[in-house]
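Reading the structure
Residues per chain are reported as follows:
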Amino acid sequence: MAIFDLHHPWAFTFGLLGNIISIFVYLAPLPTFIRICKEKSTMGFDLLPYAVALFSAMLWLYYAFLKKNVVLLISINSFGCIVETIYIVMYLFYASKKARRHAWKLLSLINVGLLSLIFVVSHFAFNENRAEVVGWICVAVSVSVFAAPLSIMFQVWRTRSVEFMPFPLSFFLTLSAVMWFAYGLLQKDLCVALPNVLGFFLGMLQMVLYRIFRNMKPDEIEEKKGPEHVINIMVVGAPEVQHDPVDDDSQKCADKIEVLSTDQDLDQDKDEVAIRQENRVPCAMSVEPSLVSLHLESPVLVVCAA
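Residues numbered from 1 in each chain as written. Predicted model: local features only at pLDDT ≥ 70, side-chain atom pairs only at ≥ 80, totals over all residues. Heavy atoms only, no water.

Going by what an unreviewed UniProt entry lists, the protein is known as Bidirectional sugar transporter SWEET and is assigned to Castilleja foliolosa. Among the UniProt annotations of the protein, the heading Sequence similarities (unreviewed entry) holds the following wording: "Belongs to the SWEET sugar transporter family." The annotation that UniProt attaches to the protein under Subcellular location (unreviewed entry) is "Cell membrane". (UniProt positions renumbered as here; feature names shortened; annotations may be inferred.)

1. Focus: the environment of Val-134
Here Val-134 lies in helix α6 (residues 130-147). The spatial distance from the C-alpha of Val-134 to the C-alpha of Tyr-62 is 8.1 Å, given a sequence separation of 72 residues. Discounting residues that sit within four places of it in the chain, Val-134 has contacts with Leu-59, Tyr-62, Tyr-63, Leu-66 and Ser-122. (Helix = DSSP H or I, 4+ residues; strand = E, 2+ residues; numbered from the N terminus. Contact = heavy atoms within 4.5 Å.)

2. What about helix α9 (residues 190-213)?
Note that an α-helix has 3.6 residues per turn; residues three or four places apart therefore point the same way. An ideal rise of 1.5 Å per residue puts 34 Å on 24 residues; α9 measures up with 35 Å between its terminal C-alpha atoms. Of the residues making up α9, those classed as buried are Cys-191, Val-192, Ala-193, Pro-195, Asn-196, Gly-199, Leu-202, Gly-203, Gln-206, Met-207, Leu-209 and Phe-213. Looking at the buried residues of α9, the elements they touch are α3 (48-66), α4 (71-94), α6, α7 (150-159) and α8 (167-186). Put simply, Asp-189 is the residue that caps the front of α9, since its side-chain oxygen is 3.1 Å from the backbone nitrogen of Cys-191. (Expected span 1.5 Å × (residues − 1). Buried < 20%, exposed > 50% of the residue type's maximum accessible area, 1.4 Å probe, protein only. Polar contact = N/O pair within 3.5 Å; in protein donor to acceptor, adjacent residues only side chain to side chain.)

3. Some points on the UniProt feature "transmembrane region" (unreviewed entry) in the protein
Mapped onto this structure's residue numbering, the UniProt feature "transmembrane region" (unreviewed entry) falls at residues 6-27, 47-65, 71-94, 106-127, 133-154, 166-186 and 192-213. When the span residues 47-65 is considered, its composition is 95% helix and 0% strand, and the gap between its end C-alpha atoms is 27 Å. Segment residues 71-94 splits into 100% helix and 0% strand. End C-alpha atoms: 35 Å apart.

4. Some thoughts on a nonpolar patch on the surface
On the surface, a nonpolar cluster with roughly 340 Å² of combined accessible area is contributed by Leu-16, Leu-17, Ile-20 and Phe-24. Considering the arrangement of structural elements, one finds Leu-17 in helix α1 (residues 9-26). (Patch = residues over 30% accessible without salt bridge, like charges linked within 9 Å, V, L, I, M, F, W, Y side chains within 5 Å. Areas by Shrake-Rupley, 256 points an atom, 1.4 Å probe, with all protein chains shown as cover. Salt bridge = Lys/Arg side-chain N within 4 Å of Asp/Glu carboxyl O.)

5. Focus on the layout of surface pockets
Roughly 1900 Å³ of volume is contained in the largest pocket. Contributions of two or more residues to the lining of the largest pocket are made by α1, α3, α4, α6, α7, α8 and α9. Take the lining of the largest pocket: its biggest share by element is nine residues, from α3. Residue composition of the lining of the largest pocket, grouped by class: 31 nonpolar, 14 polar and three charged. (1 Å grid on protein atoms, 1.4 Å probe; cavity = no way out; pocket = protein on both sides within 12 Å on 5 of 7 lines; lining within 4 Å. Points joined across faces, edges and corners; volume = space filled by probe spheres on them. Nonpolar A, V, L, I, M, F, W, Y, C, P; charged D, E, K, R; others polar.)

6. Some words on the state of the cysteines
Disulfide: a covalent bond formed between the sulfur atoms of two cysteine residues. Within the structure shown, the criterion is met by zero disulfides. Lacking any disulfide linkage, Cys-191 is separated from the closest cysteine sulfur, that of Cys-138, by 7.4 Å. (Disulfide = S-S within 2.5 Å.)

7. With respect to the confidence of the model for the protein
Of the residues in the protein, 67% reach a pLDDT of 70 or more, and the chain-wide mean stands at 75. Highest mean pLDDT in the protein belongs to α4 (94); lowest belongs to strand β5 (residues 301-305) (44). Every residue in residues 238-247 scores below 50 in pLDDT, and together they form 30 contacts with partners more than four places removed in sequence or on other chains. The low-confidence segment residues 280-306 (pLDDT under 50) makes 65 contacts with residues lying over four places distant or belonging to another chain. (pLDDT = per-residue confidence, 0-100.)

Encoded structure:
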């Protein structure tokens, strides 16, 4: 048995490069878990991506043991199982009781139940073509894993922000897909080559989106949202206006409101009251509604003009 498969030097080369690049991909979430350790909290992070990554690595490891001359598949997926297990243990240690219960249910369903079902069915129902059946199951799982970033790409397109799609991760995922596609093609293993075709195109799409929106500034994003709706308010009556002392705009706006006292108007000439009503000054308010309150001691008329 050729451990390093030197009869296919290019396959070994691409497989070795795939191992190296995939190590960086597996270590990409490390800063997140360092932050979790410092904060001593999971901070709302979901365990699902790491549970699925562990499930995928374990499944590919099972497939590799059924094949021959695929030591490079065994090495990288063994590393993936170890790293993802460490991530999950750290998550369970700092998770709340509710999150920990949810995590155990998720792990029991995916990493224990589903994996055991695949192992039992493939072992007893498929004897001669067991490796082929497990390989196509791996293809289905890999396609679903590669399709997972679609939600992030939709979010980038909607928000015009690449905050949640770092370029290095997209770049290494694309490069890893290229290496493993070449390895599977040279090894004549479609189960390895096919899912990485999808991974390559999705990775390229992520980098194109990053190039489009990477220079988008926050003020440009706000401009695309459209202008704010300003309401002009005219108060007729005898309200007492209170405002937040920290808001100068509300003070200026309150000074512009002309208050017409009903009690005083009764003692004045009706013509003078009409003139004052015609000369009243509307106030354009762009402050938060909670910053201005009207305490009414007599009936008032509030006119809003959008």
